[in-house]
Amino acid sequence: MKRIEAISLAVESAQGQNALLISNIGFPSRELYSVCDRQENFYMLGSMGMASSIGLGLALAKPKRRVMVLDGDGSVLMNLGTLATIALHGPKNFLLVILDNCCYGSTGSQPTCTCYCTDLAAVARGAGIREVEKVDDPEALTRALQGQGVVVAKVEAGNAIVPIIDLGPEQIIERFTRSALSAEPS
């Protein structure tokens, strides 16, 4: 499965669940933007490794909103502490989707440890997260997107040819805050 296909499935699921969607920096955010730009999407333009932490904070602050995070294996490896914090708090409205392509796709496709020896699903379980799934096909991912906890989705290396996001950081946060955080579902 290509990463952009996994992102498309996540968008469809997020829309169906009225979920806030936080995306990792670089190509994953660009691919999300090209698939479906919506005000409920938060595109990381910096701070590699922080998408999961931002999403967890949102889920804890807004317990009535579904929060999904699209993160990369390289970013999660840069902030493994987030898995322990997710395990500690375990909000039912939170799902971390790790798009594992075994490389740092946005910086030249240098291999990550998941290419050789590190199993992020096992790491998440080891950190104490109870709901962990590992998927490698669209049907399994579609089912997993309805859950909570962590999903490690194996995707092919490679970036889709998509444009750069033409929104500035201020625009992204302003519209995200205004449209998504100010109106919680009842």
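As the structure is a computational prediction, the values presented were derived from the model and not from experiment.

(A) Structural detail: the environment of A121. Within the secondary structure layout, A121 lies in helix α6 (residues 120–127). Its relative accessible area of 0% is what places A121 among the buried residues. With 22 residues separating them in the primary sequence, A121 and L99 have C-alpha atoms 12 Å apart. Beyond its immediate sequence surroundings of up to four residues, A121 is in contact with V132, K134 and V152.

(B) Just the packing of helix α3 (residues 51–61) against helix α5 (residues 81–89), in detail. Between α3 and α5, whose axes approach to 10 Å, the crossing angle comes to 15°. In terms of axis orientation, α3 runs roughly parallel to α5. Regarding α3 and α5, the two cross each other, and that crossing is left-handed. The residues of α5 that touch α3, namely those facing S52, S53, L56 and L60, are T82, T85, I86 and H89.

(C) Summary view of the side chain of R38. With respect to the helices, strands and loops of the structure, R38 is situated in the loop between α2 (27–35) and β2 (41–43). Polar side-chain contacts of R38 include one of 2.9 Å to the side chain of N41. Other than its neighbours up to four places away in sequence, R38 contacts A14, Q15, A19, L21, Y43 and R175.

(D) Representation of α3 in the model. Looking only at α3, the buried set comprises A51, S52, G55, L56, L58 and A59. Mapping the buried residues of α3 onto a view down its axis gives an arc of 160°, with all of them on the same face.

(E) Focus on unusual backbone geometry. Phi is positive for S47, close to 65°, though the residue is something other than glycine. Structurally, S47 can be placed in the loop between β2 and α3. The phi angle at C102 is positive, at roughly 65°, despite the residue not being glycine. For C102, the location among the structural elements is in the loop between β4 (94–100) and β5 (103–104).

Rules of the game
- Residues numbered from 1 in each chain as written.
- Predicted model: local features only at pLDDT ≥ 70, side-chain atom pairs only at ≥ 80, totals over all residues.
- Heavy atoms only, no water.
- Helix = DSSP H or I, 4+ residues; strand = E, 2+ residues; numbered from the N terminus.
- Buried < 20%, exposed > 50% of the residue type's maximum accessible area, 1.4 Å probe, protein only.
- Contact = heavy atoms within 4.5 Å.
- Axes fitted to C-alpha atoms, helices over the stretch in contact; angles between N-to-C directions.
- Parallel < 35°, antiparallel > 145°, perpendicular 65-115°, else oblique.
- Left-handed = near helix turned anticlockwise from the far one by under 90°.
- Polar contact = N/O pair within 3.5 Å; in protein donor to acceptor, adjacent residues only side chain to side chain.
- Arc of directions from axis to C-beta.

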